[in-house]
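Structural description and commentary
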Amino acid sequence: MSLSTSPPPDAQSHTSQHALMPRRMEGTEQNSLQYPMLLNVTHIDMTSRADHIQAGLVDTFLNLERVDKNLYLARHLLKGRNSIPVVYGGQVIGQALSAATATVDFGFVPNSLHSYFVQSGNVNRPILYQVDRIRDGKSFCTRLVKAVQDGEAIFTVQISFHRSEPDSIVHQLPMPEVPAPDSLEDLSDTFDRIKKNPNLPPAALAMIAFKQKEIPPAFFRIFSFRPVDIDSYLCLKKDDVHSAGHGHPTDAYRSYVWIKANERVGDDPRLHLAAAAYISDATMIETALRPHSKRGFIPSMALTLDHSIWMHTDNFRVDDWLLYENHSTVASGGRSLIEGKLWTRDGRLVFSTTQEALIRAHKKSPPTPAK
Ligand SMILES: CCCCCCCCCCCCCCCC(=O)SCCNC(=O)CCNC(=O)[C@H](O)C(C)(C)COP(=O)(O)OP(=O)(O)OC[C@H]1O[C@@H](n2cnc3c(N)ncnc32)[C@H](O)[C@@H]1OP(=O)(O)O
């Protein structure tokens, strides 16, 4: 499969591959197995190449090296935020899906995945994906993937694959009516335009500066984002209830953004599924946070805890515009639930997603003891 199993253009030597395999020493009398590399293993330099101008979605961020049957290695990792070296969760989901997909027969298409982020990934260390072939049925296959860094699990996901079969019952929600992507501006252009506006309130300018500082540039290089309601996205609206255009009423905890990969992703539907899974984690936490950000809330922690996807079809392209609808239904006790729907331009629901996120407030300093 073309699912990124070749080394990327700037891949380093396969130090890790050698380290994993015992070397048969030549010229020794016993011809015994020895493990010299294990005594001399140095950590691979994994300085993130996310901001390298050549780094692309398929050849870099979804790239996996096949280390052994059921074992895949990822070296090119992207931060979710500029200020912390934590791997972007969507990348781990997309890579784990690619690894699992590489172990099932052609004809099986992922129909759902359920994942947990159990420890944050370090963007400067490679990730090893271990695929467990739970069951190969006639119609369904199940895989369990564990993502490991430095010997410890950082992520687990169960993925179900389904061989396509004829329709039985058929129904679907109608797509929300929102302005078409061609009538909207790219978020990166909006940032540049709006920050030159002298009439912007200082709080809005601070918000834009924060977003520009915190969102790694690689996101904008590999994907285009066109929020349907830019004023709401930038917290420029006073009222919490707004309209997403064309009379579709929505609430403050809902967001709509058109998303498109900037590179041609080829014609393998499995790559489009992995790329859509990759980007499906990018906007959910923010949907829960935004109304609170407007009131001055700044989280001390905002992390994806779990993420589920139901794939309703593989008949879509991630290098054409997709509408991502997010809705945060509840937040309490440091956790928030966010639901997502991914639509094609012609109104087909391709993914349903659900995510629970950890959103913590800064701890209040203990009261100063009275003297
Ligand atoms: C319109 C559209 C535009 C789009 C524009 C482009 C989009 C582009 C944006 C990209 C944006 C993507 C954003 C995606 C979001 C991810 O991708 S997040 C990455 C994926 N998720 C993760 O990495 C989570 C992994 N899991 C974990 O880290 C651990 O399981 C957890 C959740 C931390 C829990 O672990 P635990 O061992 O139970 O630890 P816990 O007791 O909770 O304590 C953890 C630490 O928190 C500290 N802590 C406790 N309470 C607090 C507190 N209130 N405040 C601070 N620290 C605290 C503790 O002290 C402790 O610190 P240490 O002692 O470790 O130093």
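Per chain, residues are indexed from 1 in the order of the written sequence. Per-residue local features of the predicted model are confined to residues with pLDDT of at least 70, and side-chain atom pairs are confined, for both listing and counting, to 80 or more; whole-chain, interface and lining totals are unaffected and use all residues. Water and hydrogen atoms play no part in the side-chain values, which are based on all heavy atoms of the structure.

**Focus: the sheet that holds strand E4 (residues 71–74)**
Whether two strands pair depends on DSSP finding at least two bridges between them. The helix and strand labels rest on DSSP assignments: H or I over at least four residues marks a helix, E over at least two residues marks a strand, and numbering proceeds from the N terminus. If you trace the twelve strands from one edge of the open sheet to the other, you get E3-E4-E8-E9-E10-E7-E15-E18-E17-E16-E14-E11, paired in antiparallel fashion. Two strands lie at the open edges of the sheet, namely strand E3 (65–68) and strand E11 (223–227), each paired on one side alone. Across the sheet, the mean angle separating the axes of adjacent strands is 25 degrees when strand polarity is ignored. Strand direction decides the pairing type here: E3 and E4, joined by three bridges, are antiparallel. The residue bridging Glu65 from the neighbouring strand is Leu73, located in E4. Fitting a line to C-alpha atoms yields each axis, with helices limited to the stretch in contact; the angle taken between N-to-C directions then spans 0 to 180 degrees.

**Some details on the pairing of strand E7 (residues 108–117)**
With nine bridges connecting them, E7 and strand E10 (residues 152–163) associate as antiparallel partners. When the bridges of E10 are listed, Pro110 appears paired with Phe161. Note: E7 against strand E15 (residues 299–311), five bridges, orientation antiparallel. By the bridge assignment for E15, His114 is matched with Ser308.

**Some points on the side chain of Gln149**
Locating Gln149 in the fold gives a position in strand E9 (residues 140–149). Only protein chains enter the accessibility calculation, which uses a 1.4 Å probe. A residue is then buried if its area is under 20% of the maximum for its type, exposed if over 50%, and partly exposed in between. By relative accessible area, Gln149 is classed as buried at 7%. Polar side-chain contacts of Gln149 include one of 2.8 Å to the backbone oxygen of Arg125. Sequence-distant contacts of Gln149, that is, excluding residues within four places in its chain, are made with Leu77, Ser120, Gly121, Asn122, Arg125, Pro126, Ile127 and Ile154. Two N or O atoms form a polar contact when they lie within 3.5 Å of each other; inside protein one atom must be a possible hydrogen donor and the other a possible acceptor, and for residues adjacent in sequence the pair counts only when both atoms belong to side chains. Contacts are assigned to residue pairs with any non-hydrogen atoms lying within 4.5 Å of each other.

**Notes on the environment of His327**
On the secondary structure map, His327 appears in strand E16 (residues 322–332). When its relative accessible area of 19% is taken as the criterion, His327 is described as buried. Separated by 13 residues in sequence, His327 and Gly340 have C-alpha atoms that sit 6.4 Å apart. His327 has contacts with Asp251, Tyr253, Arg254, Thr287, Leu337, Ile338 and Glu339, leaving out every residue within four places of it along the chain.

**Considering the nonpolar core**
Counting residues in hydrophobic clusters, the biggest one holds 76 residues, and the most contacted among them are Leu57, Tyr129, Phe155, Phe223 and Tyr278. When residues of this core are assigned to their parent elements, the largest contribution, eight residues, is made by helix H9 (residues 269–279). Buried Ala, Val, Leu, Ile, Met, Phe, Trp, Tyr and Cys residues form a nonpolar core when they are joined through side-chain atoms within 4.5 Å.

**A short note on the site of the ligand**
Any residue with at least one heavy atom within 4 Å of a molecule or strand is counted as near it. In the neighbourhood of the ligand, 30 residues make up the surrounding shell, with Gly89, Val118, Ser300, Arg360 and Ala361 lying closest. Take Phe117: an N or O atom from its main chain is 3.2 Å from a nitrogen atom of the ligand. For the ligand, an oxygen atom lies 2.8 Å from a polar atom in the backbone of Val118. Alone, the ligand offers 1,400 Å² of accessible surface; in the complex the protein occludes 67% of this. At the level of secondary structure, the elements contributing two or more residues to the shell around the ligand comprise strand E5 (79–81), strand E6 (84–87), E11, E15 and strand E18 (349–361). The biggest single contributor to the shell around the ligand is E15, with five residues. Taken together, the residues of the shell around the ligand sort by class into 19 nonpolar, seven polar and four charged. In these tables, accessible area is a Shrake-Rupley quantity obtained with a 1.4 Å probe, and a residue counts as shielded only by the protein chains included in the view. Asp, Glu, Lys and Arg are counted as charged, while Ala, Val, Leu, Ile, Met, Phe, Trp, Tyr, Cys and Pro are counted as nonpolar; the rest, among them Gly, fall into the polar class.

**What about the environment of Ala357?**
Its location among the elements puts Ala357 in strand E18. Those residues within four positions of Ala357 in sequence are excluded, and the remaining contacts are Ile285, Leu303, Thr304, Leu305, Gly334, Arg335, Ser336 and Ile338.

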